[in-house]
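Fold and geometry: a report
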Amino acid sequence: MKLSGNLVLLLLAGLIAIPATAQKKKKAEEKPQGYVFTTVKANPVTSTKDQYETGTCWCHAGLSFLESEAIKKGAPQTLDLAEMFVVSKSYTGRAIKYVRLDEHFKFDAGSDMGDVLAVFKEFGLVPNSVMPGLNYGTTKHVQWELTEVLRGVVEAVAKNPNRKISTAWVNGFNNVLDAYLGEIPEKFTYEGKEYTPKTYAESLNLNPDDYILFTSFTHEPFYQTMVLDVPDNWRWTRYWNIPLDEMMEIMDYAIENGYTVGWTSDMSEKSWGEVSTVPDVAANQVAAGSDEARWIGASRAEKEAMLYNKNTPGPEKKIDQQMRQIAYDNKETTDDHAMHIYGIAKDQNGTKYYMVKNSFGEEGKYNGHNYVSESYARYKTLNILVNKAAVPAHILEKLK
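Notes on the structure in this doc start here.

Definitions and cut-offs
Residues numbered from 1 in each chain as written. Predicted model: local features only at pLDDT ≥ 70, side-chain atom pairs only at ≥ 80, totals over all residues. Heavy atoms only, no water. Disulfide = S-S within 2.5 Å. Helix = DSSP H or I, 4+ residues; strand = E, 2+ residues; numbered from the N terminus. Expected span 1.5 Å × (residues − 1). Buried < 20%, exposed > 50% of the residue type's maximum accessible area, 1.4 Å probe, protein only. Arc of directions from axis to C-beta. Contact = heavy atoms within 4.5 Å. Salt bridge = Lys/Arg side-chain N within 4 Å of Asp/Glu carboxyl O. Axes fitted to C-alpha atoms, helices over the stretch in contact; angles between N-to-C directions. Parallel < 35°, antiparallel > 145°, perpendicular 65-115°, else oblique. Phe/Tyr/Trp six-rings, centres within 6.5 Å; stacked < 30°, edge-to-face > 60°. Lys NZ or Arg CZ within 6 Å of the ring centre and 35° of its normal. Left-handed = near helix turned anticlockwise from the far one by under 90°. Nonpolar A, V, L, I, M, F, W, Y, C, P; charged D, E, K, R; others polar. Pairing = 2+ DSSP bridges.

What to know about the state of the cysteines
The tally for this structure, following the rule as stated, stands at 0 disulfides. Free of any disulfide, cysteine 57 has its nearest neighbouring cysteine sulfur in cysteine 59, separated by 9.7 Å.

Here you go:
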């Protein structure tokens, strides 16, 4: 049978369309699925706050942790403690130390969660509505000017121009804090009842002595306390130093038993983000390079995403105690940021992640929350804060 020219053309078009359609289907199948998380355990946390342009992550994380502790004691999930009450008291304490140490000391906004416990224990706590700290003409916290003004005061006093430190400078320093953050309330009324900061803290049924800080490094003996050598630890807070596996055991035990974990970590890794992992870059290079067309045709950003597990789960490094120590000693692990771990999830491959509440507002895909792989936590955790009741008995026994 002789085919017409038009029919031949139609048949040829159909033959061409079949592989084209198949190719499109293959491309769609090759597109990364992305991260798919399933919650294993999530404990209650309060709403996400925004530290905005401040160095107060340590306070946001520490108070978020205490809010979850209070929820366990019956407080509402709407509880909102005042970060700027703690920040103000902290600034005064470090200013006094700065002058006493003749400026051989870092004066800055950064601190650690041990500072939150120290302020809580000595001065109490207040609700955020009593001292929101926004006295500087903005709707969000912008504190770089405050830090520089306070630094100017302590630097001037530390030079001791009168050849004798006056009795007035601390009051003057606190007046600056009051102007920017609001006065520290001696008494206040909250929900129809009068409190002092001390009695309000007591009303939450929290005891600052119930909490314990842990770290894990080999340059100090295990099962003893050590001062964590980071600039923001201005109080020289002591942490219990324990092996890495036991620190991770505490984190898991706490979450599984309804507690949460205050968490300080390094966030300078390329793989840090809404999902943070420790990618095995060499393995990912091989995997990406095996798909030559995809690898060669990729942009720099796309290649980096493949190498650093940005868009989909990939192989991760296995982290041990020595790797942690090397990163700390080489300044690859620093005390960048404090956050609040409240749960455990798994991705579609069964890899474990910690669910983290951040303090950058409700931004991003997870509305201000992050997922951190177990490998990342093993590698980059600087310290943790937990309730003593959330520590396995066999570990507590080793602390004597």
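Quick look at helix H6 (residues 169-181)
Spanning 13 residues, H6 covers 18 Å between terminal C-alpha atoms, matching the ideal 18 Å at 1.5 Å per step. If you check which residues of H6 are buried, you get Trp169, Phe173, Val176, Leu177, Tyr180 and Leu181. Taken end-on, H6 shows its buried residues confined to a sector of 105°, consistent with a single buried face. Glycine 182 occupies a position one or two residues after H6 and carries a positive phi of about 100°.

Structural notes on helix H5 (residues 144-158)
Since the α-helix advances by 3.6 residues per turn, residues separated by three or four positions end up pointing in the same direction. Between its first and last C-alpha, H5 extends 21 Å over 15 residues, near the 21 Å set by a 1.5 Å rise per residue. Taken as a whole, H5 has its buried residues at Leu146, Thr147, Leu150, Arg151, Val154, Val157 and Ala158. Angularly, the buried residues of H5 cover 130° about the axis, an arc narrow enough to put them on a single face. Next to the buried residues of H5 lie helix H3 (83-100) and H6. Taken from the residues just after H5, asparagine 160 is the one with a positive phi, measuring 50°.

Side note on the pattern of salt bridges
Tallied over the entire structure, the rule returns 15 salt bridges. The residue lysine 380 makes a salt bridge to aspartate 266 at a minimum N-O spacing of 3.8 Å. Residue lysine 380 is found in helix H13 (residues 374-380), and its partner aspartate 266 is found in the loop between strand S7 (261-265) and strand S8 (275-276); the two are separated by 114 residues along the sequence. By the burial criterion, lysine 380 is buried, and aspartate 266 matches it. The salt bridge partner of glutamate 269 is lysine 380, with a shortest N-O separation of 2.8 Å. Note that glutamate 269 is positioned in the loop between S7 and S8 and lysine 380 in helix H13, a separation of 111 residues in sequence. Residue class for lysine 380 comes out buried when judged on its relative accessible area of 0%. Overlapping salt bridges, with partners in common, bring together Arg94, Asp115 and Arg235 in one network.

Notes on the environment of valine 116
Relative to the helices and strands, valine 116 resides in helix H4 (residues 113-123). The class of valine 116 is buried, set by a relative accessible area of 1%. Along the sequence, valine 116 and glycine 62 sit 54 residues apart, while their C-alpha atoms lie 6.0 Å from each other. Sequence-distant contacts of valine 116, defined by excluding residues within four places in its chain, comprise Trp58, Cys59, Gly62, Leu63, Leu66 and Val86.

Quick look at the packing of H5 against H6
Working note: a packed helix pair is described by the angle between its axes plus the distance between those axes. For the pair H5 and H6, the least separation of the axes is 11 Å and the interaxial angle reads 175°. It follows from the interaxial angle that H5 and H6 lie roughly antiparallel. Contacts from Glu145, Leu146, Val149, Leu150, Val153, Val154 and Val157 in H5 reach Trp169, Phe173, Val176, Leu177, Tyr180 and Leu181 in H6.

Quick look at the packing of aromatic side chains
This structure, assessed with the given rule, holds 20 aromatic pairs. With centroids separated by 5.5 Å and ring planes inclined at 80°, the aromatic side chains of phenylalanine 65 and tyrosine 211 adopt a geometry described as edge-to-face. Placement of the pair is phenylalanine 65 in helix H2 (residues 57-72) and tyrosine 211 in strand S4 (residues 211-215), with a sequence separation of 146 residues. Of the two residues examined, phenylalanine 65 and tyrosine 211, each falls in the buried class. Taken together, the ring pairs connect Tyr91, Tyr98, Phe105, Phe107, Trp169 and Phe173 into an aromatic cluster. Against the face of tyrosine 259 rests lysine 72, its NZ or CZ located 4.3 Å from the ring centre. Cation over ring: arginine 324 sits above phenylalanine 217, and NZ or CZ is 4.6 Å from the ring centre.

Topic: the packing of H3 against H6
Close contact between H3 and H6 brings their axes to 11 Å; oriented N to C, the two are set at 155°. Taken together, H3 and H6 sit at an angle that is classed as roughly antiparallel. Note that H3 runs across H6; the crossing there is right-handed. Here H3 contributes Met84, Val87, Ser88, Tyr91, Thr92, Ala95, Ile96 and Val99 to the contact with H6, which in turn contributes Trp169, Val170, Phe173, Asn174, Leu177 and Leu181. For the contact of H3 with H6, the per-class residue count stands at 11 nonpolar, 3 polar and no charged.

Let's talk about the pairing of strand S12 (residues 381-387)
Judged by how many residues are buried, S12 sits mostly within the fold: 7 of 7 residues are covered. As paired strands, S4 and S12 are joined by 4 bridges and run antiparallel to one another. Bridge assignment links leucine 213 to a residue of S12, and that residue is leucine 385. As judged from the 4 bridges shared by S7 and S12, these two strands associate in the antiparallel manner. Looking at S12, one finds that glycine 262 is bridged to leucine 385.

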